Amino acid sequence: MGATGLSLHIGLNTVDPDRYDGWDGRLLACENDARDMAALARDSGYADTVLLTGEATVDGVTAALRDAAARLGDGDAFLLTYSGHGGQVPDETAGEDEPDALDETLVLYDRQYLDDELNRELARFADGVRILVLLDCCHSGSAVEVRDLLTPEALREQFGTADRDAVEAASRLMPAARQGALYQRDKDFFDGLRRQLRAEGRPADALLISACQDNQVAADGPVNGRFTGALLRVWDGGAYRGDHRAFHRAIVRRMPANQSPNLYLSGRPAESFLAQRPFTV
């Protein structure tokens, strides 16, 4: 009997303004990204689940991840894609796992989802499940201070303008002032959650390809995000035949110098997995 492939595709064009102090985080292409990646996954032999905007709540995402973990075993494959805003929150409980004292977040419909929460769910998968994660959002490489991303020089290099309103409209960056205000509002909740997660946790074995490096932000677009659009062009309807590392390099070559996708290994994914063609079930 062959391997089983399951995939989960998350795309948010807005968030719930009642949960984000009036901010709706409107974007253009994230739902398209999720649908297009689900179609790619189906063509590759995965059974897909798609969560769009209001469906992409913490409970909805967690339930979908746990369902996949319960169904997959050694040798099976899991694909997770996310398109939306990325955020960062200060981590005053940080140790060696967050040397810069920041946690990255996925900005889900009802609240920010910590990287530690995502790691907990991916660590539930059985040993030997091949996990590929594709994140088309800001702060998706590894952590730096938000203010370092937003210097006028960095903004002009990537977007041709230092106008922060224009940059926020064209990128998947959660505004820094909004991040700070929401963190202060939710600080006690996040601190307690992180202590619980670290008491439970171990690193998940997964391969991450993300939209940008630490000192960059991820651009939205009229049809697809810049990263997802480049990925789809490299994949070329399934004509691509290289391995994961070559896939990452090919995507980088199609991106402007000021947005360079990152490849990151969490835990110890098998070298045989890294040597496979992406999206292999």
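Scroll up a little and you will see the structure.
**Structural notes on the pairing of strand β7 (residues 130-136)**
Along any regular strand, the residues point their side chains to alternate faces of the sheet.
So, step 1. Burial runs high along β7: seven of the seven residues are buried.
So, step 2. Every second residue of β7 is oriented toward a common face, with Arg130, Leu132, Leu134 and Asp136 on one face and Ile131, Val133 and Leu135 on the other, all of them buried.
So, step 3. In this sheet, β7 lies alongside strand β3 (residues 77-83) in parallel orientation, the contact comprising seven bridges. Among the inter-strand pairings, Phe78 is bridged to a residue of β7, identified as Ile131.
So, step 4. Here β7 runs beside strand β8 (residues 206-210); their pairing, made up of four bridges, is parallel. Pairing of Val133 across the sheet is with Leu208, part of β8.

**Topic: the sheet that holds strand β4 (residues 86-90)**
So, step 1. Taken in spatial order, the three strands make up an open sheet running β4-β5-β6, and their pairing is antiparallel. Unpaired on one side and paired on the other, β4 and β6 (112-114) mark the two borders of the sheet. Recorded for the sheet is a direction-independent mean angle of 40° between the axes of neighbouring strands.
So, step 2. Summarising the sheet, strand β5 (residues 102-107) and β6 pair through three bridges and their orientation is antiparallel. Within the sheet, the bridge partner assigned to Val107 lies in β6 and is Gln112.
So, step 3. Lying over the sheet, helix α3 (residues 115-122) contacts β5 and β6, oriented at roughly 60° with respect to β6.

**Some details on the nonpolar core**
So, step 1. Counting 37 residues, the largest nonpolar core has Ile10, Leu65, Phe78, Tyr82, Leu108, Leu122 and Phe125 as its most contacted members.
So, step 2. Here this core takes six residues from helix α2 (residues 58-71), the largest share from any one element.
So, step 3. Ignoring any residue separated from it by four or fewer positions in sequence, one finds Leu122 in contact with Leu65, Phe78, Ile131, Val133 and Ala204.
So, step 4. Within the second largest apolar cluster, 30 residues are counted, among which are Met37, Tyr46, Ala211 and Phe247.

Thresholds applied
Residues numbered from 1 in each chain as written. Predicted model: local features only at pLDDT ≥ 70, side-chain atom pairs only at ≥ 80, totals over all residues. Heavy atoms only, no water. Buried < 20%, exposed > 50% of the residue type's maximum accessible area, 1.4 Å probe, protein only. Helix = DSSP H or I, 4+ residues; strand = E, 2+ residues; numbered from the N terminus. Pairing = 2+ DSSP bridges. Axes fitted to C-alpha atoms, helices over the stretch in contact; angles between N-to-C directions. Contact = heavy atoms within 4.5 Å. Core = buried A, V, L, I, M, F, W, Y, C linked by side-chain atoms within 4.5 Å.

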